[in-house]
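Examination of the molecular architecture
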Amino acid sequence: MVVKVNNDIVEVLGPSGQQSGFDPGPFLEWLDRLTGAVKEMTRQMRWVADATCSVARGNEQLTASLEIFLKECHFFMAPWDEDEGVGGQ
């Protein structure tokens, strides 16, 4: 039987008094690879979160610039008279 003692996996005698013959080596190697993959995914997700925040900040700046542009360019907000055309022509 295999048990965990103080963060170590150890084999102890089972009820029959015999060892199980289980070798934890391959399992621990697989667990190390899995842990490494999770760490890499976490690093990449941090990068995605940072990129998303940058895009959001860029959108906020673009919106603010567009609002200023529309306030400064009154001709965009002038009433439109279809009979006179653009600018009263």
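Residues numbered from 1 in each chain as written. Predicted model: local features only at pLDDT ≥ 70, side-chain atom pairs only at ≥ 80, totals over all residues. Heavy atoms only, no water.

**Side note on the overall build of the protein**
Within the protein, the regular secondary structure consists of one helix and two strands. Order of helices (α) and strands (β) in the protein, N terminus to C terminus: β-β-α. Relative to its 89 residues, the protein shows a buried fraction of 2%. Accessible area of the protein: about 8100 Å², with a carbon and sulfur share of 60%. (Helix = DSSP H or I, 4+ residues; strand = E, 2+ residues; numbered from the N terminus. Buried < 20%, exposed > 50% of the residue type's maximum accessible area, 1.4 Å probe, protein only. Areas by Shrake-Rupley, 256 points an atom, 1.4 Å probe, with all protein chains shown as cover.)

**Observations concerning a nonpolar patch on the surface**
A cluster of nonpolar side chains, namely Phe27, Leu28, Trp30, Leu31, Leu34 and Val38, defines an oily patch on the protein surface of about 500 Å² accessible area. In this fold, Leu34 is placed in helix H1 (residues 24-72). Here Leu34 falls in the partly exposed class, since its relative accessible area comes to 39%. (Patch = residues over 30% accessible without salt bridge, like charges linked within 9 Å, V, L, I, M, F, W, Y side chains within 5 Å. Salt bridge = Lys/Arg side-chain N within 4 Å of Asp/Glu carboxyl O.)

**Details of the confidence of the model for the protein**
Per-residue confidence for the protein gives a mean pLDDT of 76, with 61% of residues at or over 70. Highest mean pLDDT in the protein belongs to H1 (89); lowest belongs to strand S1 (residues 2-5) (62). (pLDDT = per-residue confidence, 0-100.)

**Thoughts on the pattern of salt bridges**
According to the stated counting rule, one finds one salt bridge in the structure shown. Between Glu40 and Arg43 there is a salt bridge, with the nearest N and O atoms lying 2.6 Å from each other. Of this pair, Glu40 and Arg43 both sit in helix H1, three residues apart, roughly one helical turn.

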